[in-house]
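Residue-level structural notes
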Amino acid sequence: MTRLPAWVEYLLIPLMNLALAFAVTAIIVLIIGESPIEALSVLINGAFVYEGALGYTLYYTTSLIFTGLAVAVAFHARLFNIGGEGQAYLGGLGALLVALALQDWLPGLLMIPLCILGAAAFGALWALIPGWLQAYRGSHIVITTIMFNFIGAGIMVGLLSGSLMRPGQSNPESYLFEDSARMPQLHTLLSEVGIEIGRSPLNLSIIFAALACIGVWLLIWRTRWGYALRAMGESEPAAHYAGVPVPRMIVTAMCISGGLAGLMAINTVMGDQGKVTLQFPAGFGFTGIAVALMGRSHPFGIVLAAFLFGALLQGGTELDFEFKTITREMVLLIQGLIILFSGALSLMFVPWMERRFARKVSE
Amino acid sequence: MTYLDFLLIFDSSLRLATPLILCAMAGLVSERAGIVDIGLEGKLLGGAFAAAAVATITGSAWLGLFAAIACSVLLSMIHGFACITHKGEQIISGIAINILASGATVVASVALFSRGGQTPTLDRDERFSPIDLPGAEALADVPYAGPFYKELISGHTLPVYIAMIAVPLVWWLLWRTRFGLRLRAVGEMPAAVDSAGLSVTWLRYRALIIAGILCGIAGAFLSTAHGAGFVREMSAGKGYIALAAMIFGKWRPWPVLAACLLFGFLEAGANRMQGTPLPVVGEVPIEVVLILPYIATVVLLAGFFGKATPPRALGTPYRKER
């Protein structure tokens, strides 16, 4: 087998897969009877140009960095955590419970870190059980995390329409977070020092997302634990014979993964809505899978992929206003195509490329 | 509650179980051949849209059914192309199909009908209507057996009866035919099938075609028999419950049927109990009752009662030795 040059493997092939996904989308737009170029320019304007657009894009990027990192950490151990959606949902509950319990006597400086911990802890808890079941009972993590998404959603509906429901509401949603438990938004912070930017829900969570990226990078590539995790991903029996406590590693990896997914709640719940609403993760947990796949499970790649998807999501809302026949669900379609081409069909071009490069070498 | 009330609950359980049965059988055939099928949900949704769209345009429920089957088989073939031909990750491919379907169905229905992702409501003659079995009215006065026949057995739409037939059919196909033996062998030990001179690829593709057909029928049931048109996300997790039922039934047709009926019964019971307080716990929101199938499946998977052993080669692409 010929090894491909690094630039082909890490740059050219991913870009070709991405281009294919966009090419298919362009064909679909043509079939619908609109111009793909016009659709693209609406997307780009919606994502970057309009006032506050970039803020929204970065706000979505923040959520996707958390859910993308969550998938990536588990994936380094060959564990498919597709429960990010449920873990983020429960993360919102964790932040809410901490905020409600402590809001009467704790200042903001302590409140926010504790709420963040609450979000991470509940997310971790929701991944701990599937992780434990995989490690000690051999239940398949994919199936259990899917089931836990639904179980979590059921519990949250029960709570949000029950004991945590804010009185006087017609829709199930929680009590409000006190101001001390809200993540400060960037446009208010900047206007205090005299810089005016467009209004957007972009908040300080983005700094925590950046810290999480650095933390994950250090953890996976610069610690013993990370080395053991990657060894486990390469070959579980080999790691076991080398003395890695595989079951315990599975449980901790899943907890870290779930904790990261839970942190998504600090961005949406504490940074924007100020309350826990029904289905607030809104598919970001699933988009995290696409982000991790495109980003090759590396924090740097994840930031780029999260930005791409964040821009698509924000730009996609603009499609609703500009076109009669195209809506933001087009972005969901693009997302599915990207997962298909960069994930499931990621090896499609490899044999062909290998043949090309083998010929070059032999010449 | 009277005898008739019970019959009506069972009757609606049967209807709610129909898409589960068809999808779970689809998953069973596919997973017995070694292909993980998380994409059941997407195929169900795609089928539901195709059926409603074509029935709206042509006015024929039958053409809708065929379109649903075609759409669902197409999604199955994408799955096959990714994970049989290109040996891609089956779970990722399944997720891709689910997301693709939930985006594409809305995009297509907005483009075709511009009604915010729905299709127009179908008339009675554009849908599958209930079939009254012979003698249902005549026997209605016979105590117990009469209402049982009239309410529970008779008066369902065609896809419900197809689902009922699908279970023995899948059993017969997989356990009583040569094709079935080979198909199951491909899920346990593809190398053995390969060395017997049979094509692992073609066998697995055929399993996926069968799965596509079954999911397509389930989709048509949702939008042209049970409902009267397509609504966005109308599969509402049924594909995943079917997956749970398939595991709960340990990849065997009759236990899987039992699991589907149980899950259908839970949903029917929850619908009926809505708003009435239960002893001890008080009023339970329907969403909480609806998570019971998932909890049951997790407990089963944990090995606390029985053990669910998947086909041995499940999830691994077959690579021929060179």
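Residues numbered from 1 in each chain as written. Chains lettered and ligands numbered in written order. Predicted model: local features only at pLDDT ≥ 70, side-chain atom pairs only at ≥ 80, totals over all residues. Heavy atoms only, no water.

1. A look at the packing of helix 2 (residues 40-58) of chain B against helix 3 (residues 61-85) of chain B
All names here are of chain B. As a reminder of what qualifies: The axes used here are C-alpha line fits, helices contributing only the stretch in contact, and every angle between their N-to-C directions lies in the interval 0 to 180 degrees. Helix numbers and strand numbers start at the N terminus; a helix is a DSSP run of H or I with at least 4 residues, a strand a run of E with at least 2. Left-handed describes a crossing whose near helix is turned anticlockwise from the far helix by less than a right angle; the clockwise case is right-handed. We call two residues in contact whenever any of their non-hydrogen atoms come within 4.5 Å of each other. Lys, Arg, Asp and Glu make up the charged group, whereas Ala, Val, Leu, Ile, Met, Phe, Trp, Tyr, Cys and Pro make up the nonpolar group; the residues left over, Gly among them, are polar.
Two numbers describe how helix 2 lies on helix 3: the axes approach to 7 Å, and their chain directions differ by 145 degrees. Like other packed secondary-structure pairs, helix 2 and helix 3 cross with a definite hand, here right-handed. From helix 2, Gly42, Lys43, Gly46, Gly47, Ala50, Ala51, Val54, Ala55 and Thr58 reach across to helix 3, where they touch Ala61, Leu63, Gly64, Ala67, Ala68, Cys71, Ser72, Leu75 and Ser76. Of the residues assigned to the contact of helix 2 with helix 3, the class counts are ten nonpolar, seven polar and one charged.

2. Regarding the packing of aromatic side chains
All names here are of chain A. Put simply, the rule is: Stacked, tilted and edge-to-face are the three classes assigned to paired rings of Phe, Tyr and Trp, where Trp is represented by its six-membered ring and a pair needs centres within 6.5 Å; plane angles under 30 degrees give stacked, over 60 edge-to-face, the rest tilted. Each residue is placed in one exposure class: buried if its accessible area under a 1.4 Å probe, protein chains only, is under 20% of its type's maximum, exposed if it is over 50%, and partly exposed if it falls in between.
On inspection of all chains with the given rule, the structure shows 16 aromatic pairs over all chains. Ring plane angle 55 degrees and centroid distance 6.3 Å describe the contact between Phe349 and Trp352, whose orientation is recorded as tilted. Look at Trp352 and you get partly exposed, because its relative accessible area is 40%. Each member of the aromatic cluster is reached from another via a ring pair, and the members are Tyr56, Tyr59, Tyr60 and Phe284.

3. Things to note about the interface of chain B and chain A
Our working definition: The term buried area means the drop in 1.4 Å probe accessible area that two parts suffer when joined, counted for both and summed. We count a salt bridge whenever a side-chain nitrogen from Lys or Arg sits within 4 Å of a carboxyl oxygen from Asp or Glu. We define a polar contact as two N or O atoms separated by no more than 3.5 Å, with the added condition that, inside protein, one atom must be a possible hydrogen donor and the other a possible acceptor, whereas residues neighbouring each other in sequence contribute only through side-chain atom pairs.
Between chain B and chain A, the residue contacts involve 40 residues of the former and 40 residues of the latter. Taken together, the two surfaces of chain B and chain A that pack against each other cover about 3,500 Å², and 83% of this comes from carbon and sulfur. Counting across the chain B and chain A interface gives two salt bridges. We note a salt bridge from Glu89 of chain B to Arg78 of chain A, for which the minimum N-O separation is 3.6 Å. Our count for the contact surface shared by chain B and chain A stands at two residue pairs in polar contact (both at pLDDT 80 or more).

4. Let's talk about the state of the cysteines
All names here are of chain B. What counts is decided by this rule: Only a pair of cysteine sulfur atoms within 2.5 Å counts as a disulfide in this structure description.
Summed over all chains, the structure comprises zero disulfides over all chains. In this structure Cys71 is not part of a disulfide, and its nearest cysteine sulfur, from Cys215, lies 11 Å away. Accessibility expressed as a relative area gives 22% for Cys71, which makes it partly exposed. Of the cysteine sulfurs around Cys215, a residue in no disulfide, the closest is that of Cys23, at 4.1 Å.

5. Quick notes on the side chain of Ser154 of chain B
Residues and elements named next belong to chain B. For Ser154, the position within the fold is in the loop between helix 5 (145-153) and helix 6 (158-176). For Ser154, a relative accessible area of 2% corresponds to the buried category. Not counting residues within four places of it along the chain, the set of residues in contact with Ser154 comprises Ile131, Asp132, Leu133, Ala136, Tyr149 and Tyr161.

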